[in-house]
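# Coordinate inspection notes
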Amino acid sequence: MSQRKRGEMHVMSQRRASRWADIGFRGVAAVCSAMPLVVLAAILAVVVAGAMPSIRYMGWRFITDITWNLGNLYGAISVHGGVRAPAGASYGALVFLVGTLASSAIALVIAVPVSVLTAAVLAYQVRGPLQSLLSFLVELLAGIPSVVFGLWGILVLAPWVGSQLGPGIAHLFGWVPFLGGSAGTGLGLLTSGLVLALMITPIITAAVRDLLMQVPRLYREGGIGLGLTSWEVLRHVCLPIVREGLIGAVALGWGRAMGETMAVLMVGGSALNQLPQNLYSPISTMAAVIANQLDSALTDASHMAVHALAELAALLLVLTVVTNLVARLLVHRVGWTAGARGVRV
Amino acid sequence: MGKSISVAGLSAWYGDQQTLQSIDIELKANTATAVIGPSGCGKSTFVRCLNRMHETVPGARMEGRVRLEEEDLYRMHPVDVRRIVGMVFQKPNPFPTLSVFDNIALALRLSGVRRRSELAERVERSLRMAALWDEVKDRLRQPATELSGGQQQRLCIARALAVEPEVLLMDEPASALDPISTLRIEELIRDLKSRYTIVIVTHNMQQATRVADRTAFFLNGELIEFGDTSQVFEHPRDRRTEDYVCGRFG
Amino acid sequence: MRMDIRMRTWMGGAAAAALLLTVAGCGTNSGGGNSGSNQTASGAENTSSSGKQTGASGDGSKTVKLDETGSSLLYPLFNGQWIPAYQDKHPNVQLSAASTGSGEGISDSMQGLVQIGGSDAYLSDAQMQQGSSMLNIPLAVSAQQVMYNVPEVGKKHLHLDGDVLAKIYMGQITYWDDAAIKSLNPGINLPHQKIVVVRRSDSSGDTFLFTQYLSDNNAQWKSKYGFGTDVSWPAVNGEIGAKGNDGIVTALEKNKYSISYVGISWLNQATQGGLGYAALKNKSGQFVLPTASSIESAAAAMVGKVPDDERISLIDAPGANSYPIINFEYAIVRSHQSDAATAQALKNFLQWAIDPQGGNDTKYLSPVHFQPLPQDLEGKTKAQIDKIEG
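This is a predicted model, so every value here is computed, not measured.

### Things to note about the overall build of chain A
Each helix and strand counted, chain A has 12 helices and four strands in total. In terms of overall size, chain A is more extended than a compact globule, its C-alpha atoms giving a radius of gyration of 26 Å where 345 residues would be expected to give roughly 20 Å. Dimensions of chain A along its principal axes, counting C-alpha atoms only, are 90 × 65 × 45 Å. By residue count, 50% of the 345 residues in chain A fall in the buried class. Contacts in chain A between residues at least 24 apart in sequence constitute 79% of all its contacts with a sequence separation of at least 6. Per element, the accessible surface of chain A, about 16,100 Å² overall, is 70% carbon and sulfur.

### A look at empty space enclosed by the protein
One pass over the full model with this rule turns up five cavities of 30 Å³ or more. Of the volumes computed, that of the largest cavity is approximately 100 Å³. Lining the largest cavity we find 18 residues, and of these A:S270, A:L272, A:S284, A:N292 and C:S201 sit closest to its centre. Among the elements that take part in the lining of the largest cavity, helix α11 (residues 286-297) of chain A stands out by supplying four residues, more than any other. For the lining of the largest cavity, the class distribution of residues is nine nonpolar, six polar and three charged. Size it by volume and the second largest cavity reaches roughly 70 Å³. Taken together, the residues of the lining of the second largest cavity sort by class into six nonpolar, six polar and no charged.

### Some points on a nonpolar patch on the surface
Residues and elements named next belong to chain A. There is a patch of nonpolar side chains on the surface, built from L44, V48, M52, I55, V318, V322, V326 and L330 and spanning about 590 Å² of accessible area. Among the elements of the structure, α1 (2-58) and α12 (304-341) are those that each provide at least two residues to the nonpolar patch. Position of I55 among the secondary structure elements: in helix α1.

### Side note on the sheet that holds strand β5 (residues 71-72) of chain B
Residues and elements named next belong to chain B. Strands sit in the order β2-β1-β4-β5 across an open sheet of four strands; the sheet is antiparallel. What marks the edges here is a single partner per strand, and that holds for β2 (17-27) and β5. Here helix α1 (residues 43-50) sits on the sheet in contact with β1 (5-14), β2 and β4 (60-68), set at roughly 120 degrees to β1.

Thresholds applied
- Residues numbered from 1 in each chain as written.
- Chains lettered and ligands numbered in written order.
- Predicted model: local features only at pLDDT ≥ 70, side-chain atom pairs only at ≥ 80, totals over all residues.
- Heavy atoms only, no water.
- Helix = DSSP H or I, 4+ residues; strand = E, 2+ residues; numbered from the N terminus.
- Rg over C-alpha atoms; globule rule 2.2 N^0.38 Å.
- Buried < 20%, exposed > 50% of the residue type's maximum accessible area, 1.4 Å probe, protein only.
- Contact = heavy atoms within 4.5 Å.
- Areas by Shrake-Rupley, 256 points an atom, 1.4 Å probe, with all protein chains shown as cover.
- 1 Å grid on protein atoms, 1.4 Å probe; cavity = no way out; pocket = protein on both sides within 12 Å on 5 of 7 lines; lining within 4 Å.
- Points joined across faces, edges and corners; volume = space filled by probe spheres on them.
- Nonpolar A, V, L, I, M, F, W, Y, C, P; charged D, E, K, R; others polar.
- Patch = residues over 30% accessible without salt bridge, like charges linked within 9 Å, V, L, I, M, F, W, Y side chains within 5 Å.
- Salt bridge = Lys/Arg side-chain N within 4 Å of Asp/Glu carboxyl O.
- Pairing = 2+ DSSP bridges.
- Axes fitted to C-alpha atoms, helices over the stretch in contact; angles between N-to-C directions.

So, in structure tokens, the structure goes:
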């Protein structure tokens, strides 16, 4: 009897324990789900707080001026409307803003079509061991450290772009604005775009492959049964269905391309104080400048250089968030018009 | 006008599993043929071989010959085959991102029809043939997914007819629909067979007797019996056919 | 690993920025000088708290930790030569070194995070006023050479001077056969090819040295661009920015008709890669190659001018055999250390480091291509080391 009772109590205490475990689990889950927001807010707060003096010092000229000068770090510190900065300091980030946007745009123009087609092949055309192998290779490519891409870019790609691809494009399409002119050394916008394209292609491919595999076979067969080609089915049936996810995948790749530091730093040519003249001009990206100049900035006794780099980081963060939002907004707009007017063929 | 189909020595596999065993059959032009049999007997595979849909599944393959009149379908480009041999599926599958109009117009545009007036005219004609025009003529710009299930299936029929095929394959077209929608589809099939050769896979034996001139009974990947519908249901020659149509298995 | 360092750097920078922000927010009415003293106060607080942690015992037998962060040029000397040699004899001192860049070394040392900040450059006046009294202690002499990839010239030593180099880097001289270069190199066949200007894209002691040489020899460069570990480089068509000495050497090798400046420790590697290096014009108008004797004689010639705090540019030393681009590598240390034991251990180590029989022995310096400090400098340096207290 007493033994049975003890047994019952044991079961009850176990139940109570599991109830507590459930509450604990919910608590942990709540904390974890709030994590991304908290982390994003915290990072933004720290970066913006760090950027405040620079924002006061430069104002809008931070994004409209092309002169980036830490000032004379061995000279006197001047006071400017209550803000202390080295003499001659000017933090105009336009060159880096343009470099970041241009190189990531080139990367997207190349990577998106390649990724979508590769993803379609992976999702629809191959199966079994070959599908596993190819998927594995794509994921392997996504895992290569960016410094390896940078090294390959500087040793192999840049000389080829400088001696073959650049002059080739300039020769064939020289009449197109921005494509003509001196093909440079190979270190610059085009090579950066190519390296970035290579880096984000596996990321976009993997995401789009997963999306395409979610499209019900029934819808694809509807297209195939009408005598549409594989490409037409992909373009007019599958991609519209996964449109929202597709934009998300592109935004993911774009964010990665804009934030990439090491590889672009190695092949970009590190332009300073000049906007790119053509497709082959040297560029700098915001992330690369932060990595390059932080050490010098730390020797600025007024600390203004560190604040300026923090503003650069804040700008990069804002840019990433804004492109993401714009992409999503675009989806909703397009979604609405597709219902109303249909897609153009 | 419809065309006849002749099938000789047709076998089909999914991976290692054989689902059709050397089928020979002649389907006359402008008739409706019902393909019946229990689940897994190969009836779906059979019709999917007729428009070369079978081979689009990774790992699937087939042997044998399928001819449309004198033309060997397996020597043509599969895309061309599917424009001549249209298909309607088990579940309504209009393109979910397109409007009613564009569901039909898409394939037309892709085959080179550009003029607005011609598009509108052909969309309307297809919808009328599918007996849907009166119900949707004021909703052409709405998403196709807003139609009812029966309307969606008729839209799929209209979509298939718009590219002007010779043959129309229907794989259990009414199995997901309510009885009233089913009746409308059956009416439509009786109407369409004067212009098309129709092959309809069905689970429903009453449906076969209502719409089909001829009936083929499949079992375990083999064609057991093929003849006029009344003969197959009333005087089956094979014992297994009799067992099936009398509802003793299946 | 690299990522880790950068993250840490970044967090440190952000934290420092946040700290400064609070400090600045407290006293908006205070001028520039005041906020410097605020900084000092917060620094002192830092020190006392770390003093509590280690426990100020002052006993020599206890293990003492000495950390160095900073210059990537100094790192091989610390990590590969000095630390193994010193710890052999002084097992109770635990030394560590990290290659983070001079800027972080200075910043870490000023905040009291490490005892030694390794730096290719001395502190600026503004930095000296900012922190609690900082010392700039020379550890060794370094140099740099100007290198080029001109197939027609090969490994012949071109004659170049600071004025011509400044004009090249400002885009005023754009071809190798420019009259200004030709007149320095009579009899050498210079090709009519565009000069590819290569410079460091990252913060660098090498940039500090090179831009000092340009500033000393070209007034326009001095007024417009000045010198520093990073300068606002003029925009020159076709220029290349490269990261690190390895990046510079690669860029030179990959691009014909290029020119750049390279740290002396890379000389052997770069010449093996087919690059040539220049004889540079010194103050006496002689063209001198970077050799042990020309670097030593330049250093010796400057000793008399070295001030008590030893912050000095060694560019353009007088003397016919003096190589013009040399510098001191520095240990940046706080004169006030967290406790007596640490201060004593630091003093002992630094005394050993500058001793010709100790750390300044060429057996430690030659592997990393540094030259020993000039003999006559010992007094000033020892006087500085003596200022370190617990």
